[in-house]
Structures are given as structure tokens and as C-alpha cells.
Amino acid sequence: MKLSKLKLTTPYLDLDELFYDKVEPTPLEKPFLISASKDAARLLDVKGDIAHDEWLVDVVNGTRKLDGSTTFAMCYAGYQFGYFVPRLGDGRAINLGKVNGQNLQLKGSGLTEYSRQGDGRAVLRSSVREYLMSEAMHGLGIETSRALALIGSDTDVARQSWEKGAIVLRLSPTWIRFGTFEYFAASGEHQKLQQLADYVIDESFPELKDETDMYLKMFTQIVKNTASTIARWQSVGFNHGVMNTDNMSIDGRTIDYGPFAFLDDYQSNYVCNHTDHEGRYSFRNQPGIAKWNLEQLARALSPILSLDKATKVIEEFVNYYEDEYLDIMYDKMGLHIRIDTDLDLFVEMLEALEATPTDYTKFFRILSKYDGNRTDILELVVFKKPLQEWLDSYDERLKLETQSVDERNKMMLGVNPKFILKNHLLQEAIEKANIGDFSMIDDMLKVVLTPFDEHHKFNYLTASAPDNAKNIKLSCSS
Ligand code: AMP
Ligand code: MG
């Protein structure tokens, strides 16, 4: 199917007008396609060569309307770095409508009712990052919004210096955030809160409709989904950077990619966001912050569910999180059976990685080919003793396993990615894109969608960061 054949609906506009602002996108000048994800296009049943669809650039730039589309921005509130802001909303995102269970949204498409002091724009730099990271997160098997296309333009946008404006066409089964509930809780509009909860159940949790205690069950599912996503982030070494409640999707998927980073060397207290002076959103704080955010959501929902019962559900967050995290880490370490001392082995591994220091992603990929010969693993590090000692314990532990080395290696290669989006390489891709060379974006898109495959041709995309670019902090400006 072609884009021209899509028929959108706008169920969100059936809600009261307080929920949104109908607004038209403001097009960019001289728009051009930078990249399109065939894989994401399939979600809309758009098959074939999406990059050559005659409508694509115009749809992303907002100069051509898809059938059935009415454009609008959504309101929401949010706790930003722990402080409540009662009115945020889509300040630079404009929704097109919904098809095939996916809500289409343009990011960077101009001013809305909720733009506050912003200009409604997104620059090429941050748009390349969001586009690739959405697809990479999906490639890693982690729930996320997707990115169908990225366009650049000739429009100047003022940041620290002049940059060019860009737009990403994003897709998600929901764009409702914890902060959407917080908006109506703060304004005391409890009837609207219930309307929103009913909408969320229809959109994201239809199996709960008309059940007894359905709002509490909805909340329980949000807690479980959030725990699962965070466990997966921690397992791949992903630091989101801005876990404000307005950036927390109501169905637990990852959204709103800003100053994110994957750990280069393993460093548990790493903070990727340059403006996060206190390290509130550090890598190791992510599970705790998710729980805090869920507590704020429970408070917002308290007019329509029992806060006591919701609090008990939140107490289970740690168990949901730890169960899932440990399951993944067992797989990453290639351990099939479980014994009491495994937790020690696991903690010692992270301590050894941190002490050494070691490229987190490469370590697991090389461990996935381990057959007792330590040469490749030890080549990763300068200071070898901590890893040597850990490998002594690991060798002992492996003797208890019943799997063959081949079986274990095969399983591990399927869970330990070869490719993640390293910031220093993303930076290189952005610099090339700024001068009209999109080849690195194409290469990156290819490998991140199937990051467990070898893709030998693209080995340059596994290069560790140079020492002066390791675990750097990123600016929030986007
Ligand atoms: P973020 O940090 O990107 O999640 O954005 C936080 C809030 O600021 C959201 O309400 C955004 O819509 C809004 N915002 C961020 N950048 C801009 C911009 N350039 N123009 C208008 N609103 C923006
Ligand atoms: Mg946001």
C-alpha cells in the first residue's frame, strides 16, 4: 500500500476539547528526505519502497494531508527533575491521527498552543538521534515509539548556534504520558481523569475493559510494563537522560529520545544529561526513578482508584524489575541453571567491569564467543587482574552447566548485541549529515534493526569511543 491510500481516524478528538489543541503544522523550507525506515512503514501496512513514495516528504513536512487526518497537539503536565509543571504539552509535536493501531506524530513541525517559550522546531542533530535510536531500541527488542522517516530542510533554527530544522515522523500505539493524567489531576478535573483512563484502557489495555477494579488493573499493568522496559534498558546499558513524568509513556514503552547514551565503559553512576547536575537520572538511578514516577502517577489517579491498593502494587515494582533484569542477565552470561551464589558472580562481574574499565557491549559480545581462551576478553582491558579473577570464578561456574560450548555461544550471541548506537559514532553521522552525506545514517539504520547479526561489512560501527569521548555528557538542547 502507498501512503496516499492510508485512511486515518482521530479517536483522541472524541475526547473533550480540553485534551488537545487543533493546530496545523508549519512546513520547513526546501524539505528533503534523509532516511525512511521500511521496517517501521510495515506497521502501517505500507509495503515496498517507502523512501520513494511520492507523498512521503510532503506528509512529513505537513504540506499534504493523509485521508481522514485532522492535526492536533496534546496537553500534558509533568514532574521535571522532581518539580511539578502543570502545563507542558506537545510544544513541537503535531499528531496526524491513527491507522493500524499506530498514532502518527510529526516532531519539529512548528508552534502549538503548548510551545511556551520554544520555537516548535527540532534541529537535524537531535532528529537524527531520535530517528536512529527509536529504530535501534526496537532492534534490541525493547518497547519503543518508532520512527518512519526523517526530513531535513533549509530552515534556520536558533540554538547555541544556527542549525537546520528537521522533522521526524514518529509512530506509537499511544502518545499518552504519565503527565497527561497529572494535567487533569492538578486541575481537579476528575471527570476528565476518568475519561482519559477509559481512553487509555481502550487504546492500550482493551483486555481490561469492564473488569472489576479496571483502573487499578490498568495501573498494575503500567507498573509491570514500566519495570520490564527499565530492566531491558539496564541490561543493554541505556541511559535515557530525561525521565521526567512527561517523558514516561502510559504503556511503558520508551519515548522522547533526548540526550540519551549507551554506556561506553561500564560505569554505574554515569549521567548522560549535561544539565542533570545532581545525577537524578543517572544510569543506576533509573529503576528507582521509574518507581518514583509511578508513585506520582498513582497520586494523580487517586480520585479514581484506591491509593492504598495502588501503593501496594508499587511495592511489587522492585520484584517485577529484578525478576526480569536477572532473567536477562542470566541469558547474557550464558547460564542456564541457577544456583545460590550466582548473584555474587553477577555482582563481581559488574565490579570487575567497573574497576577495569571495560566496554560494556563488547565485553558481552566477546563473552558470547568464550570457549575458555581468554585472549580476546583480556585484550579489551589494560588493567587485567579484576577480569582474570572473575573469569576464574566464571570457569568454575560453567562446569555446572549442561549445555555445550556451541549451544551456549549461540544462545548468547542472540541476546548480546554486536551493535548499539555509540554516541561518538552518532556524532560522526550527524557531522556528515550536516554536509549532506547521509551514508552513515543508512549504515547505522541497517545494523541497529538487526543488532545481533554480524554484518561484517559494518564493523566500523562497533569501534569503541576514543578515551576523550567515553561516557561524555550531552546537551539537552534539541
Ligand atoms: P522534552 O525535554 O523534549 O521532553 O520537552 C519538554 C517540554 O518542552 C515538552 O512539552 C516539549 O514539547 C517542550 N519543548 C521542547 N523543545 C521545544 C521547542 N523547541 N519548542 C516548543 N516546545 C518545546
Ligand atoms: Mg518530552
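Details of the structure are given in the entry above.
What counts, and where the lines are drawn
- Residues numbered from 1 in each chain as written.
- Chains lettered and ligands numbered in written order.
- Predicted model: local features only at pLDDT ≥ 70, side-chain atom pairs only at ≥ 80, totals over all residues.
- Heavy atoms only, no water.
- Axes fitted to C-alpha atoms, helices over the stretch in contact; angles between N-to-C directions.
- Helix = DSSP H or I, 4+ residues; strand = E, 2+ residues; numbered from the N terminus.
- Parallel < 35°, antiparallel > 145°, perpendicular 65-115°, else oblique.
- Contact = heavy atoms within 4.5 Å.
- Nonpolar A, V, L, I, M, F, W, Y, C, P; charged D, E, K, R; others polar.
- Core = buried A, V, L, I, M, F, W, Y, C linked by side-chain atoms within 4.5 Å.
- Buried < 20%, exposed > 50% of the residue type's maximum accessible area, 1.4 Å probe, protein only.
- Donors = N, O, S within 2.8 Å, 3.2 Å for Na, K, Ca; no water.
- Near = heavy atom within 4 Å.
- Polar contact = N/O pair within 3.5 Å; in protein donor to acceptor, adjacent residues only side chain to side chain.
- Areas by Shrake-Rupley, 256 points an atom, 1.4 Å probe, with all protein chains shown as cover.
- Expected span 1.5 Å × (residues − 1).

A.B. asks: Explain the packing of helix α15 (residues 423-434) against helix α16 (residues 439-449) to me, please; I cannot follow it from the model alone.
C.D. replies: The description of two helices packed together rests on the angle between their axes and the distance between the axes. At a minimum axis separation of 8 Å, α15 and α16 run at an interaxial angle of 140°. Taken together, α15 and α16 sit at an angle that is classed as oblique. On α16, the residues touching Leu425, Leu426, Glu428, Ala429, Lys432 and Ala433 of α15 are Met440, Ile441 and Met444. Of the residues belonging to the contact of α15 with α16, the class tally is 7 nonpolar, no polar and 2 charged.

A.B. asks: Can you help me understand the nonpolar core in this one?
C.D. replies: Generally speaking, soluble globular proteins have nonpolar side chains that are buried together. In terms of nonpolar packing, the biggest core is built from 125 residues, with Phe181 and Phe219 touching the most fellow members. Broken down by element, this core gets its largest block of residues, 12 residues, from helix α6 (residues 214-236). With near-sequence residues (within four places) excluded, Phe219 lies in contact with Leu294, Leu297, Ala298, Leu301, Leu305, Ala310, Val313 and Ile314. In terms of nonpolar packing, the next biggest core, distinct from the first, is built from 25 residues, Ala40, Val59, Val60 and Leu104 among them.

A.B. asks: What is the right way to read the coordination of the magnesium ion (ligand 2) from this model?
C.D. replies: By definition of the ideal shapes, a tetrahedral metal site with four donors has angles of 109.5 degrees and an octahedral site with six donors has angles of 90 or 180 degrees. Around the magnesium ion (ligand 2), the protein contributes the donor atoms Asn247 (OD1) and Asp256 (OD), at 2.1 Å from the metal centre. For the residue pair Asn247 and Asp256, the accessibility class agrees, reading buried in each case.

A.B. asks: Is there a simple way to think about the site of ligand 1 in this case?
C.D. replies: Neighbouring residues of ligand 1: 16 residues in total, closest Gly89, Gly91, Arg116, Gly120 and Asn247. Gly120 places a polar main-chain atom, nitrogen or oxygen, 2.8 Å from a nitrogen atom of ligand 1. Arg159 is positioned such that a nitrogen or oxygen atom in its side chain is 3.5 Å from a nitrogen atom of ligand 1. Within the complex, 81% of the 490 Å² of free accessible area of ligand 1 lies under protein. Residue composition of the shell around ligand 1, grouped by class: 2 nonpolar, 7 polar and 7 charged.

A.B. asks: Just to check I follow, could you spell out helix α9 (residues 317-333) for this structure?
C.D. replies: It helps to recall that an α-helix has 3.6 residues per turn; residues three or four apart then point in one direction. The end-to-end C-alpha distance of α9, which contains 17 residues, comes to 24 Å, matching closely the 24 Å that a straight helix rising 1.5 Å per residue would cover. Every buried residue belonging to α9 is among Phe317, Tyr321, Tyr325, Ile328, Met329, Tyr330, Lys332 and Met333, and all of these are buried. Note on α9: the residue one or two positions beyond its end, Gly334, has a positive phi of about 75°.

Function cannot be inferred from these measures alone, as they are strictly geometric.
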